[in-house]
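These are the residues of each chain, in order.
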Amino acid sequence: MQLEYFISLLLGGLAKGSIYALIALGYTMVYGIIQLINFAHGEIYMIGAFTALIFSTVITYTMPDTAFLINVGISFTGAIIFAAAYGFTMERIAYRPLRNAPRLSALISAIGMSILLQNYVLLAQTPDFLPFPSLVPNFSFLEPIEYIVSSNQIVIIVTTIIVMILLTLLIKFTRVGKAMRATAQDKTMAQLIGINVDKIIAITFVIGSSTAALGGVLISSNIGQINYYIGFIAGIKAFVAAVLGGIGSIPGAVLGSLILGLTESFGSGYISSDYEDAFAFIFLVIILIFKPEGILGRKDNQKV
Amino acid sequence: MLKLESVNTYYGNIHALKGIDIEINKGEIVTLIGANGAGKSTTLMTISGVVPPKTGTVTFKGENISSKNPDEIVQMGLVQVPEGRHIFPYLTVQENLDMGAFLRKDKPAIKKDLEYVFELFPRLSERRKQTGGTLSGGEQQMLAISRAIMAKPDLLLLDEPSLGLAPIIVMQIFEIIKKINRENNTTIFLVEQNANMALKVAHRGYVMETGRITISDKSENLLANDSVRKAYLGM
Ligand SMILES: Nc1ncnc2c1ncn2[C@@H]1O[C@H](COP(=O)(O)OP(=O)(O)OP(=O)(O)O)[C@@H](O)[C@H]1O
Ligand SMILES: [Mg+2]
């Protein structure tokens, strides 16, 4: 039916957009704070997914009696902790030494990191797609309307909403949040009022990596397979979403992601799924022609 | 209270501070004057730990701070108002002031200091909710000084607080500097282009030329010194 089809596309788009948002957060927060496009961010998402796969596989084979929810809990937590550790280490070795170097150097370092991490996973794992277990419970109450919305999509959307609320509270009201805002606006001054800028930047990478890992596990669980390359496309899409919304702005990243997710969903549902990936870029070009700083971006982002 | 001994600071290959010695005692107002590019701001940034010295030592309250992080130095009570004000543009006046007290935990005392700065600058109180970036230059300078007061400094470094302000505001700012020194017993190290005004409020002064301290004397002697008058007082 028309309406049901529309609703299923809508929810599918929101779920997709939610995943983009979880990844785009990392791009936009890192850009906001050190004006770096972290090209290796998509790889963090991919590593998060692989970590969950490893954890859940090990649990399933060594302790087959483990309750499903415990397996899920450990896999998600493991993925987040590992991804956060990768993000933290990446900032330390690849970006911090270049903090005062020309921006291009850091960008090249980011691209290098991306290639390195992809190939590391390629060698450590395999170039082939690996099956990914479903780490999201199936809600029986959704069964009658399964053709409209899946448990997976609901979990993705709800998780993203919770993450966004927590993050907003963190940034608005906590000491760390205030320090992050101050550091993003003026690093020298942040130091001069006693903020440990290195620490705040590290925290930013940890938060961005954690949400990316969360997104990685959720979507992989939905799609059912992963390989070393999934971070690339997802990373580019999330990056487009961040630019669309105005890079550096957190609400912008969320908005851009939802717009992108919905465009892809409706575009492939009503026009043609062959062009799904193209919609993102068409949209980006159109928005940037009319509003180069992005939907919620600040014109003077470059100033600091 | 603060002592710099043969401090050398570099930006890459640029040798910005060439073995400078400065000493500031508790309760003093000391000024540092010099032409553009002499290294005055660099001196303050070196003291604050933002651009650490390559050789030489900076001692504050008897402790060597030359390799400490800027935040540790602020924690010790050494606070800087940098050149160009550096107001957080998207934070409100109130939030900017709160950020000044970032490292403090004594809530009641913070509240009192907030009242104190609003007393010093009633204008800021009216504009509490306005974002920093939308303030006028003079208001921003008031906010920058107030934010530093919120940190409850023992030693306050001020980098050209009069830059770009109308004469009347300049007078007001210098009055407040004297007042902070008198009422809170805050030691002040003041960098200025406006040598005439600076030497009038300061007890002592240093003259800096291309990375070196060339003269150090009491303010009244500097005001009377011929070469200082020629070079910095336009007389
Ligand atoms: N970040 C930097 N990188 C490279 N060189 C710098 C940097 N900052 C300052 N310099 C150089 O160091 C020297 C001293 O600069 P500084 O800003 O300390 O001068 P100043 O005395 O404060 O001048 P002004 O009165 O114009 O503010 C100058 O030659 C300047 O070009
Ligand atoms: Mg200067």
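Up top you'll find the structure we're talking about.
Residues numbered from 1 in each chain as written. Chains lettered and ligands numbered in written order. Predicted model: local features only at pLDDT ≥ 70, side-chain atom pairs only at ≥ 80, totals over all residues. Heavy atoms only, no water.

1. Focus: the pairing of strand β8 (residues 187–192) of chain B
Residue and element names in this part refer to chain B. With six of six residues buried, β8 lies mostly within the body of the structure. The alternating pattern of β8 places T187, F189 and V191 on one face and I188, L190 and E192 on the opposite face, and all of these are buried. As judged from the five bridges shared by strand β3 (residues 29–34) and β8, these two strands associate in the parallel manner. Bridging across to β8, I33 finds its partner in E192. For strand β7 (residues 155–159) and β8, the ladder comprises five bridges, and the chain directions are parallel. Following the sheet pairing, L155 is matched in β8 by T187. Each parallel crossover has a hand, and for β7 linked through helix α7 (residues 167–184) to β8 it is right-handed. (Buried < 20%, exposed > 50% of the residue type's maximum accessible area, 1.4 Å probe, protein only. Helix = DSSP H or I, 4+ residues; strand = E, 2+ residues; numbered from the N terminus. Pairing = 2+ DSSP bridges. Right-handed = clockwise from strand over helix to strand, strands pointing away.)

2. Brief notes about the site of ligand 1
Residue and element names in this part refer to chain B. Neighbouring ligand 1 are 14 residues, the closest being N36, K40, S41, T42 and Q193. Take K40: an N or O atom from its side chain is 2.7 Å from an oxygen atom of ligand 1. Take E83: an N or O atom from its side chain is 2.9 Å from an oxygen atom of ligand 1. For ligand 1, whose unbound accessible area comes to 640 Å², protein coverage reaches 62%. (Near = heavy atom within 4 Å. Polar contact = N/O pair within 3.5 Å; in protein donor to acceptor, adjacent residues only side chain to side chain. Areas by Shrake-Rupley, 256 points an atom, 1.4 Å probe, with all protein chains shown as cover.)

3. Section: the interface of chain B and chain A
Counting from both sides, the interface comprises 20 residues of chain B and, opposite them, 18 residues of chain A. Of the roughly 2,000 Å² buried between chain B and chain A on both sides combined, carbon and sulfur atoms contribute 63%. Its largest share of buried area at the contact with chain A, chain B owes to F88(B), Y90(B) and F102(B), together 34% of the area lost on that side. Our count for the contact surface shared by chain B and chain A stands at one salt bridge. A salt bridge links R181(A) to E95(B); the nearest nitrogen and oxygen atoms lie 3.7 Å apart. Across the chain B-chain A interface, the total number found is three residue pairs in polar contact (both at pLDDT 80 or more). For the side of chain B that touches chain A, the elements supplying multiple residues, two or more each, are α1 (40–48), α2 (70–75) and α3 (93–100) of chain B. The class makeup of the residues in the side of chain B that touches chain A is 12 nonpolar, four polar and four charged. (Contact = heavy atoms within 4.5 Å. Buried area = accessible area lost by both parts, 1.4 Å probe. Salt bridge = Lys/Arg side-chain N within 4 Å of Asp/Glu carboxyl O. Nonpolar A, V, L, I, M, F, W, Y, C, P; charged D, E, K, R; others polar.)

4. Describing the coordination of the magnesium ion (ligand 2)
Residue and element names in this part refer to chain B. Coordination of the magnesium ion (ligand 2) by the protein comes from S41 (OG) and E83 (OE), over a distance range of 1.9 to 2.3 Å. Here E83 lies in the loop between β6 (78–81) and α3 and S41 lies in helix α1, a separation of 42 residues in the sequence. A residue is classified by how much of its surface remains accessible, and S41, at 22% relative accessible area, is partly exposed. (Donors = N, O, S within 2.8 Å, 3.2 Å for Na, K, Ca; no water.)

5. As for the pattern of salt bridges
All names here are of chain B. Enumeration according to the criterion identifies 18 salt bridges over all chains in this entry. For E28, the salt bridge identified is with R204, shortest N-O distance 2.7 Å. Note that E28 is positioned in the loop between β2 (14–24) and β3 and R204 in strand β9 (residues 204–209), a separation of 176 residues in sequence. Owing to a relative accessible area of 18%, R204 belongs among the buried residues under this scheme. Between E63 and K68 there is a salt bridge, with the nearest N and O atoms lying 3.0 Å from each other. Assessed through its relative accessible area of 36%, E63 is described here as partly exposed. With a relative accessible area of 23%, K68 lands in the partly exposed category.

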